[in-house]
Amino acid sequence: MNGKSTNPASDEGTPRLVIAIDGPAGAGKSTIASRLAKSLGYVYLESGAMYRALGLKAIESAVAPDDSAALLKLAESSRIELDPTPEGNRVLLDDRDVTARIRERDVTDAASRVSTHPPVREWMVNRQREMGARGGVIMEGRDIGTVVFPNAEVKIFLDADPSVRAGRRVSQQNAQNDPERAARLREELRERDRRDKTRAAAPLKAADDAVHIDSSSLKIDEVIAQAEEIVAAKLRQLTP
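Not measured: the values here are computed from a predicted model. (Residues numbered from 1 in each chain as written. Predicted model: local features only at pLDDT ≥ 70, side-chain atom pairs only at ≥ 80, totals over all residues. Heavy atoms only, no water.)

Here the focus is the overall build of the protein chain. Broken down by element type, the protein chain carries nine helices and eight strands. With the C-alpha coordinates aligned to their principal axes, the bounding extent of the protein chain is approximately 55 × 40 × 35 Å. Here the protein chain holds 240 residues, and the buried ones make up 45% of them. By sequence separation, contacts in the protein chain at least 24 residues apart represent 71% of the contacts at least 6 residues apart. Both charge centroids of the protein chain, one from 37 positive and one from 38 negative side chains, sit 1 Å from each other. (Helix = DSSP H or I, 4+ residues; strand = E, 2+ residues; numbered from the N terminus. Buried < 20%, exposed > 50% of the residue type's maximum accessible area, 1.4 Å probe, protein only. Contact = heavy atoms within 4.5 Å. Lys, Arg positive; Asp, Glu negative; His and termini not counted. Charge placed at Lys NZ, Arg CZ, Asp CG, Glu CD.)

Next up, the structure:
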């Protein structure tokens, strides 16, 4: 082997794209973004993890999730970092590893509520733009292609039928044999969808120039293959 990369995204002279992946909860954005980043040799910047980190700090600081001014002050005094590793991102909050903690249900709910405040979202957007300014990044969330990086070279809107997304969430939480918990998870997903789509600040919607992928009946590898082809087509368009 000559050591030269076979990945066109990492070849010298190849443009380093900003790739935005948006979609509702349970569509598979995090899985697809992280695997696509590894495939392309890009950095995966998980926007949701940043809101989760702030949600956790709000819980720990006893700041109410509806207190916009206090949340902004909290954000401005916080250091939130994403540290890429071969296993995925480590999430650091004020230099403390909170990767596992922010996946717990109370933090998930807090993050959804924290993210509805326009001043908080503006602060997050500025931070995310700083992190992605050099290109060669993939960001996923609900407003990456519409608000954070409206000029991203590649925009993907990943969706799936609500019943499929709910089933995935139940499976992820190992609640298949717990009807009461499964019902609660399904209701939480419905409420999350409602909040995401109706919030005043950057509601969930596909960018006009986004390429839609419906993952309802697709395996992860099939979604990855579609996403890779979308990126490859853009690189062919941009590369002389």
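So much for the structure itself; the text now carries on.
The biggest cluster of nonpolar side chains holds 33 residues, and the ones touching the most others in it are Leu54, Ile80, Val91, Ile102, Val120, Met124 and Phe149. Per-element tally for this core: the top contributor is helix 2 (residues 47–60), with seven residues. Residues contacting Leu54, with those up to four places away along its chain left out, are Leu71, Leu74, Ala75, Ser78, Ile80, Val114, Val120 and Met124. Counting residues in hydrophobic clusters, the runner-up holds 22 residues, among them Ala27, Ala37, Ile213 and Leu235. (Core = buried A, V, L, I, M, F, W, Y, C linked by side-chain atoms within 4.5 Å.)

Turning our attention to helix 2. Given a rise of 1.5 Å per residue, 14 residues ought to cover 20 Å, and the 20 Å separating the end C-alpha atoms of helix 2 matches this to within 8%. Of all 14 residues in helix 2, 11 are buried, a share of seventy percent or more. When we look at burial in helix 2, the residues that qualify are Ser47, Ala49, Met50, Tyr51, Arg52, Ala53, Leu54, Gly55, Leu56, Lys57 and Ala58. A positive phi of about 60° marks Ala62, the residue just after helix 2. (Expected span 1.5 Å × (residues − 1).)

Right, let's talk about the sheet that holds strand 4 (residues 88–93) for a bit. In space, the three strands of this open sheet follow the order 3-4-5, with antiparallel pairing throughout. The strands lining the two open edges of the sheet, one partner per strand, are strand 3 (80–85) and strand 5 (96–97). Pairing analysis gives two bridges linking strand 4 to strand 5, with the strands arranged antiparallel. Paired with Leu93 across the strands is Arg96, a residue of strand 5. (Pairing = 2+ DSSP bridges.)

Two side chains that carry opposite charge are able to pair once their charged atoms sit near each other. The final tally for this structure, using the stated rule, is 23 salt bridges. Residue Glu81 is joined to Arg79 by a salt bridge in which the shortest nitrogen-to-oxygen separation is 3.1 Å. A salt bridge links Arg195 to Glu191, with the nearest nitrogen and oxygen atoms 3.6 Å apart. With a gap of four residues between them, Arg195 and Glu191 both fall in helix 8 (residues 179–198), about one helical turn apart. (Salt bridge = Lys/Arg side-chain N within 4 Å of Asp/Glu carboxyl O.)

Turning our attention to the packing of helix 2 against helix 4 (residues 105–114). Relative orientation of the contacting elements helix 2 and helix 4 amounts to 105°, with a least axis distance of 8 Å. One finds that helix 2 runs roughly perpendicular with respect to helix 4. Only Asp106, Val107, Thr108, Ala110, Ala111 and Val114 of helix 4 make contact with helix 2, whose side of the interface consists of Tyr51, Arg52, Leu54, Gly55, Leu56 and Ile59. (Axes fitted to C-alpha atoms, helices over the stretch in contact; angles between N-to-C directions. Parallel < 35°, antiparallel > 145°, perpendicular 65-115°, else oblique.)

Along the polypeptide, Glu46 turns up in strand 2 (residues 43–46). Residue class for Glu46 comes out buried when judged on its relative accessible area of 5%. Ignoring anything within four residues of it in the chain, the contact list for Glu46 reads Ser30, Leu82, Asn89, Arg103 and Glu140.

With that out of the way, let us pick up helix 3 (residues 68–76). Within the span of helix 3, buried status applies to Leu71, Leu74 and Ala75. Buried residues of helix 3 fall within an arc of 100° about the axis and therefore sit on the same side. Facing away from the buried surface of helix 3 by more than 90 degrees, the exposed residues are Ala69, Lys73 and Glu76. Looking at the buried side of helix 3, the elements it contacts are helix 2, helix 4 and helix 5 (118–132). (Arc of directions from axis to C-beta.)

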